[in-house]
Amino acid sequence: MFHLRTCAAKLRPLTASQTVKTFSQNRPAAARTWGQVRCFTAPVAAEPFLSGTSSNYVEEMYYAWLENPKSVHKSWDIFFRNTNAGAPPGTAYQSPLPLSPGSLSAMARAQPLVDAQPNVDKLVEDHLAVQSLIRAYQIRGHHVAQLDPLGILDADLDSSVPADIISSTDKLDLAVFKERLRMLTVGGFYGLDESDLDKVFHLPTTTFIGGQESALPLREIIRRLEMAYCQHIGVEFMFINDLEQCQWIRQKFETPGIMQFTNEEKRTLLARLVRSTRFEDFLQRKWSSEKRFGLEGCEVLIPALKTIIDKSSENGVDYVIMGMPHRGRLNVLANVIRKELEQIFCQFDSKLEAADEGSGDVKYHLGMYHRRINRVTDRNITLSLVANPSHLEAADPVVMGKTKAEQFYCGDTEGKKVMSILLHGDAAFAGQGIVYETFHLSDLPSYTTHGTVHVVVNNQIGFTTDPRMARSSPYPTDVARVVNAPIFHVNSDDPEAVMYVCKVAAEWRSTFHKDVVVDLVCYRRNGHNEMDEPMFTQPLMYKQIRKQKPVLQKYAELLVSQGVVDQPEYEEEISKYDRICEEAFTRSKDEKILHIKHWLDSPWPGFFTLDGQPRSMTCPSTGLTEDILTHIGNVASSVPVENFTIHGGLSRILKTRGELVKNRTVDWALAEYMAFGSLLKEGIHIRLSGQDVERGTFSHRHHVLHDQNVDKKTCIPMNHLWPNQAPYTVCNSSLSEYGVLGFELGFAMASPNALVLWEAQFGDFHNTAQCIIDQFICPGQAKWVRQNGIVLLLPHGMEGMGPEHSSARPERFLQMCNDDPDVLPNLEEANFDISQLYDCNWVVVNCSTPGNFFHVLRRQILLPFRKPLIIFTPKSLLRHPEARTSFDEMLSGTHFQRVIPEDGLAAQNPENVKRLLFCTGKVYYDLTRERKARGMAEQVAITRIEQLSPFPFDLLLREVQKYPKAELAWCQEEHKNQGYYDYVKPRLRTTISRAKPVWYAGRDPAAAPATGNKKTHLTELQRLLDTAFDLDAFKNFS
Ligand SMILES: Cc1ncc(C[n+]2csc(CCOP(=O)(O)OP(=O)(O)O)c2C)c(N)n1
Ligand SMILES: [Mg+2]
C-alpha cells in the first residue's frame, strides 16, 4: 500500500522544482544531464496506454531512460523524448514497428514522431506481465519451495501450486512447464506464452535477480526467481508494508550467488552438526530408557542458533536471553550455552540427592546462565536460558520481560547489546494464544525488546497430532504476520540454507530491530519422547523417516565430495567429540550431590552472601521522616512543570490531595505515592504495568498528567521527586493478562533492586494469566531456586457489581500457600515473622488501611530476600472517608502490621468481650459501622488479619488469649466456599490448639463469586452482619 501510494504520488503532476527534487534524489546523474526534467502532466494523462496499473512500469522505464536512453526500448525512447520536447497531449507516443524476428533493425531506424504503428501495447503488457510474474514469485514462491525434508507433507498444508506462478517442481519437465505457461496464458493471468521465453525484459527496481544486469530473457528471469524463492528456502515477507524492509529482504535472497560459504564456514558447520548429532547419540547409548526429548531430525538447530548468536555478537550484542521448550533443550544447554557436560549427565543419575532447598524440576526444564568468549567473534557473550514449566510457550513473555529489564539496566535503549531468542515447537507456536499476546508486546514502547529472533522446530507433528488437525493456518508461523515479521521457512536437510537464513535473520534484527521468524522444517526421528512408538499414529511418515539419511551423514558426504573435508578428518571430528562426552561422563560419576543452584538463570550478584543466603534475617522500619512524606505529598498534589494545563477535574483531585497532606493524612493513592516516591529516592527502580494503570481503573491514581491543549504532552510527577532518583516506569499495557504478567515476572527476575508491580484491571481477570501464577509465581523458587519479588495488585471486594469484577479469588492464592495448617510453628524463634516470610512461597495480604499498604510495599524491598507479593486491593475504600492513615503511623520506627488488633472499648475490658470477630479487608468497615449502630463496642472485639499468608500465628494467639471468654468467629463478605474461610479456620484452630470452635459469619456457599442483583447483594450483606453480631447465633451448634 505504502509502495503503491509512493508510486502514485510520483506520477501525479509536479511543479518543476518538485520534479527536479524528486527525481534527482533517486537518479542525480541523469537529472543533471537532462537539466530540468519535464513532468508528466497532460501528455501522460492523455496517452491511451498509461492506465493506473501501468504507471509503476512507466516510472521504471523513465528512470532507466534518464540514466541511459539506449537501455529502454526504442519506442520508449521516442515517447520520453517527445514528452520532454513538449509534444502536445496524446501525441508523444509513437507506435514502433511490429515486433517480429529481425524487427530490431527496423526499430533502430525508427524516428521520433514517425507514423509507423509498432505493437507497443503488447510490449507494455508483456513488461507488466513480467513484473507481475516477479511479484508473484516474491509473494507466493514459498508455496512451491521444497521445504519438507521427507518430501511427503507440504509445509503450507497445500500441495497445489499457486495459479499465478510457474511451477518450480517441474521446471525440468518441459511438457509440464509448457502446460503451466499455457494455463497462465489461457487463464489470462499474464498473457505470456512460450515464444516470450527468449525475449529480453527490463527488470524493475523491485527485484535484484539481475545482479549487474538490468534486463534478462524471460527464461532466465524465471530460472533466477525459482532459484531465489522455490528451492530450500521459502521467504514470506511481501505482507510487510515498508518498502525499505522489502527491498532489504529481496536483495538478501535474490542477488545471484549471494548464498556462498567459505570452506572454513562449511567445516565449522559440519563440526557443529557433529556435536549436535553425537550428543544425542551419546545420551541414547548411555540412558536408552530415559526421556530426553531428543533433537534427532532437527540437528541443524544447534548450528542455526550458533549462527544467530555469532552474527549478533559480530553486530555488538553481548547478552542473549533464550527461552525454549523441551525439544533439544539438553543439546542446546550442552552445545550452545556450553553448560558443563558432567553437570548435564549427572542429572540422569537417579541416585543423587538434591543439595538445595526446594523441590527442583526435571532436567529439561532447568535454566542456565553462562558467560564466555564467542570463539567466532572473540567477544564476550553472556547466554541465559530461562527455566520454564511444561506449559508450552508460557516462557515467551517471561523471556521478553527479562530481556527488557536487562536492556533497561544497561541503558541499551535500542536493543543493540541485549537480545532475545525464542524457540518454539510447530504445534505450540500455532496453538497457544500466548504467542499472539507476546507478539503484540513486541512493538509497544514500554515492552519492546527491539526484535526477537524466533526459531521454530517445525518437525511437522505435535506429540501424536498431525499438523492438518492442529492448525487452520497454512504455516505454523502465520501468527507472526500480525506484526509484519518476515518469516524464513527452510528445509532443515540443507544445512547451508539454514545457516544462510539464520544469518539473514540476525542481520534483520540488528538492522531493523524487529521480530523475525526462522521456520526449520524438519522431522522427528523418534516418538514424542524416546519411549513413544510413533508408528501407532503416523505409520507412513515414520516409514519415510526410517529411510531418511541423517543430515550429518548427508552433509559430510557432500563436503567430502566437494573436497572441503576428507573422510578421516570427518571421522576424527566425531571421535574427538565422543571422547569429550566419555570424559565428562567419567567426571560426572564423581558428583555426589545435585545442585539446582548451578542451573540458575538469573543470578543476583551482591544481593546474597557468597553461599546464596540472605544477608540478614531482619527488616528495618518501613517508616519515613515527616519531611520525606510531606515532600512526596506536595509533588503528588502538584504539576511540577511549567506551562502545563491539566483537566479541571484533576485540579480538584490534586487540591484534595494537597489538603490531605496538610492534615498529615494519606488516602490509598497517596499511600502508594509515598511508597513509590521514597523507594525511588533510595535508588529502587519502580515499574507499574497493567491495563490503564497510568490513571488507575478507578481514576484515583493519576500518575501521568495530560496537557489539555497539546497532544501527547504528558508529565509524570513521580519522576520529578528527587535529584538522582531512580526512574519510575508506569505503563498502560496491551489488553493481555497472560502476556503482560509473564512479561513483568521476567522483568522482576533481572534485578532484586526494583519494585515491579502488575495490576489487574479487576482482580478476577488474573485468571487469564493463571498459568503464570500457577507455574511460575507460586512454585518458581521451589522449582528453580530463583527468587522473585513481583507484586500483584488485585482489586477485590463485594460491592454489588455482579459476579464479575467482585472477587480476585483469594481462596486460590491461599490454597497454594505452602504453610501447614495443622502445625503450629515455633513462635519463640528469633525474628519469627521474617523467617516465616523467608520460608513461604508467597505473601498474601489484604490491607484495610492505606498506611499498611504503604508499609507492605516498602517492606517488599527492605526485606533481605524476595518473595512474590499478592495484594487484594480495594475499590470503594479508595475514597472511603475512614480509610485514611495519619502520618504518625508512617513515620520512622513504624512497621507493616500483620494483624491490626482491636483498639476500642472492647480492648479496654477484654474480660467482658463475648465475641472476637476476625476479618480481613473492606468488611471491617461494614462490621464497625454495624457494631456502632448496635451499641456493641464492649461486647464484640474486631481484629483484622492483614497478612493472611504466612499466617500470623504469634499475633493471633495473643489476641485470642487477650479475650478469654470470647467465642471466636471468622467473618467475610465472600461466599463460604470462597474467600479466606477454608484457609483461616484450620490455622486459627491450630493457633488455639483446637480449644474452641471457630464460627463462620458470611455468605452461603455459591457457584458464582457474587450475585448480579443489587438488592440480593445488600440482603446478603445484612444477613452476614446480623450473624456476626447475634451473640446467640451459634448457640444451637455448640
Ligand atoms: C500448554 C501445553 N499444553 C499441552 C502440553 C502437552 N504437550 C507436551 S509436548 C506437546 C506437543 C508439542 O508439539 P510441538 O509444539 O510441535 O513440539 P514438538 O514436541 O513437536 O517439538 C504437547 C501437546 C504442554 N506441554 N503444554
Ligand atoms: Mg512439533
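Quick caveat: nothing in here was measured; it's all calculated off a predicted structure. (Residues numbered from 1 in each chain as written. Chains lettered and ligands numbered in written order. Predicted model: local features only at pLDDT ≥ 70, side-chain atom pairs only at ≥ 80, totals over all residues. Heavy atoms only, no water.)

**Looking at the overall build of the protein chain**
Phase 1 of the analysis: In terms of regular secondary structure, the protein chain is built from 37 helices and 28 strands.
Phase 2 of the analysis: Long-range pairs, those at least 24 residues apart, make up 79% of the contacts in the protein chain between residues at least 6 apart in sequence.
Phase 3 of the analysis: Working note: accessible area of the protein chain is about 41200 Å², and carbon and sulfur atoms make up 52% of it. (Helix = DSSP H or I, 4+ residues; strand = E, 2+ residues; numbered from the N terminus. Contact = heavy atoms within 4.5 Å. Areas by Shrake-Rupley, 256 points an atom, 1.4 Å probe, with all protein chains shown as cover.)

**Description of the coordination of the magnesium ion (ligand 2)**
Phase 1 of the analysis: Taken together, Asp 426 (OD), Asn 459 (OD1) and Ile 461 (O) make up the protein donors of the magnesium ion (ligand 2), found 2.0 Å from the metal.
Phase 2 of the analysis: In primary-sequence terms, the residues that donate to the magnesium ion (ligand 2) follow D-x32-N-x1-I. With Asp 426 in helix 17 (residues 426–431) and Asn 459 in the loop between strand 9 (452–458) and helix 19 (467–470), this residue pair connects regions lying 33 residues apart in the sequence.
Phase 3 of the analysis: Relative accessible area serves as the criterion here: at 6%, Asn 459 is assigned to the buried category. (Donors = N, O, S within 2.8 Å, 3.2 Å for Na, K, Ca; no water. Buried < 20%, exposed > 50% of the residue type's maximum accessible area, 1.4 Å probe, protein only.)

**A few points about the nonpolar core**
What tends to happen in soluble globular proteins is that the nonpolar side chains get buried as a cluster.
Phase 1 of the analysis: Ranked by internal contacts, the top residues of the largest apolar core, which has 182 residues, are Leu 301, Met 322, Phe 345, Ile 421, Val 455 and Leu 792.
Phase 2 of the analysis: For this core, the element with the highest residue contribution is helix 20 (residues 495–512), accounting for eleven residues.
Phase 3 of the analysis: Residues within four places of Ile 421 in sequence aside, it is in contact with Leu 305, Ile 308, Ile 309, Val 320, Ile 321, Met 322, Gly 323, Thr 452, Val 453 and Val 455. (Core = buried A, V, L, I, M, F, W, Y, C linked by side-chain atoms within 4.5 Å.)

**Brief notes about the pairing of strand 3 (residues 233–236)**
Phase 1 of the analysis: Burial along strand 3 is two-sided: the residues Ile 233 and Val 235 and Gly 234 and Glu 236 are all buried.
Phase 2 of the analysis: Relative to strand 10 (residues 487–491), strand 3 is paired through four bridges, and the arrangement is antiparallel. Bridging from a neighbouring strand, Gly 234 pairs with His 489 of strand 10. (Pairing = 2+ DSSP bridges.)

**Some thoughts on helix 11 (residues 243–254)**
Phase 1 of the analysis: Helix length check: helix 11, at twelve residues, gives a terminal C-alpha distance of 16 Å against a target of 16 Å (1.5 Å per residue), a fit within 8%.
Phase 2 of the analysis: For helix 11, the tally of buried residues reaches nine of twelve residues, placing the bulk of the element in the interior.
Phase 3 of the analysis: Those residues of helix 11 lying buried are Gln 245, Cys 246, Gln 247, Trp 248, Ile 249, Arg 250, Lys 252, Phe 253 and Glu 254.
Phase 4 of the analysis: As for helix 11, its buried residues are in contact with helix 8 (120–140), helix 10 (218–229), strand 3, strand 10 and helix 20.
Phase 5 of the analysis: The distance from a side-chain oxygen at the start of helix 11 to the backbone nitrogen of Glu 244 is 3.0 Å, and the residue carrying that oxygen is Asp 242. (Expected span 1.5 Å × (residues − 1). Polar contact = N/O pair within 3.5 Å; in protein donor to acceptor, adjacent residues only side chain to side chain.)

**Some points on the side chain of Thr 665**
Phase 1 of the analysis: In this structure, Thr 665 sits in strand 13 (residues 665–666).
Phase 2 of the analysis: Overall, the relative accessible area of 19% leaves Thr 665 in the buried class.
Phase 3 of the analysis: Residue contacts for Thr 665: discarding those within four places in its chain leaves Leu 660, Leu 670, Thr 885, Ser 886 and Phe 887.

**Comments concerning the confidence of the model for the protein chain**
Phase 1 of the analysis: On average, residues of the protein chain score 88 in pLDDT, and 87% of them are at 70 or above.
Phase 2 of the analysis: Per-residue pLDDT stays below 50 along residues 1–48; that stretch engages in 65 contacts with residues further than four places along the chain or on separate chains.
Phase 3 of the analysis: Between residues 96–117, whose pLDDT stays under 50, and residues either more than four places distant or in other chains, the model counts 36 contacts. (pLDDT = per-residue confidence, 0-100.)

**Examining the state of the cysteines**
Phase 1 of the analysis: A full pass over the atoms with the stated rule returns zero disulfides.
Phase 2 of the analysis: This cysteine, Cys 971, is not joined by any disulfide, and Cys 919 carries the nearest cysteine sulfur, 6.7 Å off.
Phase 3 of the analysis: Under the relative-accessibility criterion, Cys 971 is labelled buried at 0%. (Disulfide = S-S within 2.5 Å.)

**Focus: the site of ligand 1**
Phase 1 of the analysis: For ligand 1, the set of nearby residues contains 15 residues, the closest of which are His 326, Arg 327, Ser 390, Asp 426 and Asn 459.
Phase 2 of the analysis: Within the side chain of Arg 327, a nitrogen or oxygen atom sits 2.9 Å from an oxygen atom of ligand 1.
Phase 3 of the analysis: Computed on the free molecule, ligand 1 has an accessible area of 580 Å², of which 75% lies beneath the protein chains in the complex.
Phase 4 of the analysis: In terms of residue count, the dominant contributor to the shell around ligand 1 is helix 17 (three residues). (Near = heavy atom within 4 Å.)

**Regarding the packing of aromatic side chains**
Both the distance between ring centres and the angle between the ring planes are used here to describe each pair of aromatic rings.
Phase 1 of the analysis: Applying the stated criterion across every chain, the model contains 36 aromatic pairs.
Phase 2 of the analysis: Taking 6.2 Å as the distance between ring centres and 10 degrees as the angle between the ring planes, the aromatic pair formed by Trp 604 and Phe 608 counts as stacked. The pair Trp 604 / Phe 608 is uniform in exposure class, with both members buried.
Phase 3 of the analysis: Each member of the aromatic cluster is reached from another via a ring pair, and the members are Phe 279, Phe 282, Trp 287, Phe 345, Phe 348 and Phe 585.
Phase 4 of the analysis: In this structure, Lys 681 packs its charged tip against the face of Trp 722, placed 5.1 Å from the ring centre.
Phase 5 of the analysis: If you follow Arg 944 out to its NZ or CZ, it ends over the ring of Tyr 924, 3.5 Å from the centre. (Phe/Tyr/Trp six-rings, centres within 6.5 Å; stacked < 30°, edge-to-face > 60°. Lys NZ or Arg CZ within 6 Å of the ring centre and 35° of its normal.)

**Quick notes on unusual backbone geometry**
Phase 1 of the analysis: Geometrically, the link from Ser 949 to Pro 950 is a cis peptide bond, its omega value of -5 degrees lying close to zero.
Phase 2 of the analysis: In this fold, Pro 950 is placed in the loop between strand 26 (947–949) and helix 35 (953–962).
Phase 3 of the analysis: A positive phi angle, near 60 degrees, is found at Gln 460, a position not held by glycine.
Phase 4 of the analysis: Tracing the backbone through its elements, the reader meets Gln 460 in the loop between strand 9 and helix 19.
Phase 5 of the analysis: Unusually for a residue other than glycine, Phe 463 sits at a positive phi of about 60 degrees.
Phase 6 of the analysis: Structurally, the position occupied by Phe 463 is in the loop between strand 9 and helix 19.
Phase 7 of the analysis: On the basis of relative accessibility, which here comes to 46%, the residue Phe 463 falls in the partly exposed class.

**Quick notes on the sheet that holds strand 20 (residues 843–845)**
Sheets are built from strands that pair by backbone hydrogen bonding, the pairs being arranged parallel or antiparallel.
Phase 1 of the analysis: With mixed pairing, seven strands are arranged side by side in an open sheet as 17-14-18-19-21-20-26. Both outer strands of the open sheet, strand 17 (728–732) and strand 26, are each paired with one neighbouring strand and no more. Taken over all neighbouring pairs, the strand axes of this sheet differ in orientation by 20 degrees on average, direction set aside. (Axes fitted to C-alpha atoms, helices over the stretch in contact; angles between N-to-C directions.)

**Topic: the side chain of Glu 959**
Phase 1 of the analysis: Positionally, Glu 959 belongs in helix 35.
Phase 2 of the analysis: Despite its burial, Glu 959 pairs with no opposite charge; the closest candidate is Lys 962, at 5.0 Å N-O.
Phase 3 of the analysis: Within the structure, the side chain of Glu 959 is placed 2.6 Å from the side chain of Thr 943, a separation counted as a polar contact. (Lys, Arg positive; Asp, Glu negative; His and termini not counted. Salt bridge = Lys/Arg side-chain N within 4 Å of Asp/Glu carboxyl O.)

**Some thoughts on the environment of Tyr 1000**
Phase 1 of the analysis: Following the sequence through the fold, Tyr 1000 ends up in strand 28 (residues 998–1003).
Phase 2 of the analysis: Judged by relative accessible area, Tyr 1000 falls into the buried class, the value being 12%.
Phase 3 of the analysis: Separated by 33 residues in the primary sequence, Tyr 1000 and Ala 1033 have C-alpha atoms spaced 9.9 Å apart.
Phase 4 of the analysis: For Tyr 1000, the residues in contact, after removing those within four places along its chain, are Trp 970, Gln 972, Glu 974, His 975, Lys 976, Tyr 981, Thr 1027 and Phe 1034.
Phase 5 of the analysis: In this structure the side chain of Tyr 1000 is engaged in a polar contact, spanning 2.5 Å, whose partner is the backbone oxygen of Arg 1003.

**A look at the pattern of salt bridges**
Phase 1 of the analysis: Enumeration according to the criterion identifies 52 salt bridges in this entry.
Phase 2 of the analysis: Between Asp 126 and Lys 122 there is a salt bridge; the shortest N-O distance is 2.7 Å. With Asp 126 and Lys 122 both in helix 8, this residue pair falls four residues apart, about one helical turn.
Phase 3 of the analysis: The buried category is assigned to Asp 126, whose relative accessible area is 4%.

**Notes on the sheet that holds strand 23 (residues 899–900)**
Phase 1 of the analysis: Spatially, 23-25-24-27-28 is the arrangement adopted by the five strands of the open sheet, whose pairing is mixed. With one partner strand each, in any of the chains shown, strand 23 and strand 28 form the two edges of the open sheet.
Phase 2 of the analysis: Pairing geometry for strand 24 (residues 915–919) and strand 25 (residues 940–945), over five bridges, is parallel. In the sheet register, Leu 916 faces strand 25, and the bridge partner there is Ala 941.
Phase 3 of the analysis: Running at roughly 155 degrees to strand 24, helix 35 makes contact with strand 23, strand 24, strand 25 and strand 27 (967–975) of the sheet.
Phase 4 of the analysis: Along the sheet, helix 37 (residues 1014–1029) makes contact with strand 24, strand 25, strand 27 and strand 28, crossing strand 28 at roughly 160 degrees.

**Side note on the packing of helix 24 (residues 626–636) against helix 26 (residues 668–681)**
Phase 1 of the analysis: For the pair helix 24 and helix 26, interaxial distance at closest approach is 9 Å and the crossing angle is 115 degrees. The pairing of helix 24 with helix 26 is recorded here as roughly perpendicular in orientation. The two elements helix 24 and helix 26 cross, and the hand of that crossing is right-handed. Contacts from Ile 628, Leu 629, Ile 632, Gly 633 and Ala 636 in helix 24 reach Leu 670, Tyr 673, Met 674, Gly 677, Ser 678 and Lys 681 in helix 26.
Phase 2 of the analysis: Among the residues making up the contact of helix 24 with helix 26, the classes are represented as seven nonpolar, three polar and one charged. (Parallel < 35°, antiparallel > 145°, perpendicular 65-115°, else oblique. Left-handed = near helix turned anticlockwise from the far one by under 90°. Nonpolar A, V, L, I, M, F, W, Y, C, P; charged D, E, K, R; others polar.)

**Brief notes about the packing of helix 12 (residues 263–286) against helix 14 (residues 329–337)**
Phase 1 of the analysis: The interhelical angle for the contact between helix 12 and helix 14, taken along N-to-C directions, is 125 degrees, at an axis separation of 10 Å. In terms of axis orientation, helix 12 runs oblique to helix 14. The element helix 12 and its partner helix 14 pack so that their crossing is right-handed. Within the contact between the two elements, helix 12 uses Arg 275, Ser 276, Phe 279, Glu 280 and Leu 283 and helix 14 uses Leu 330, Asn 331, Ala 334 and Asn 335.

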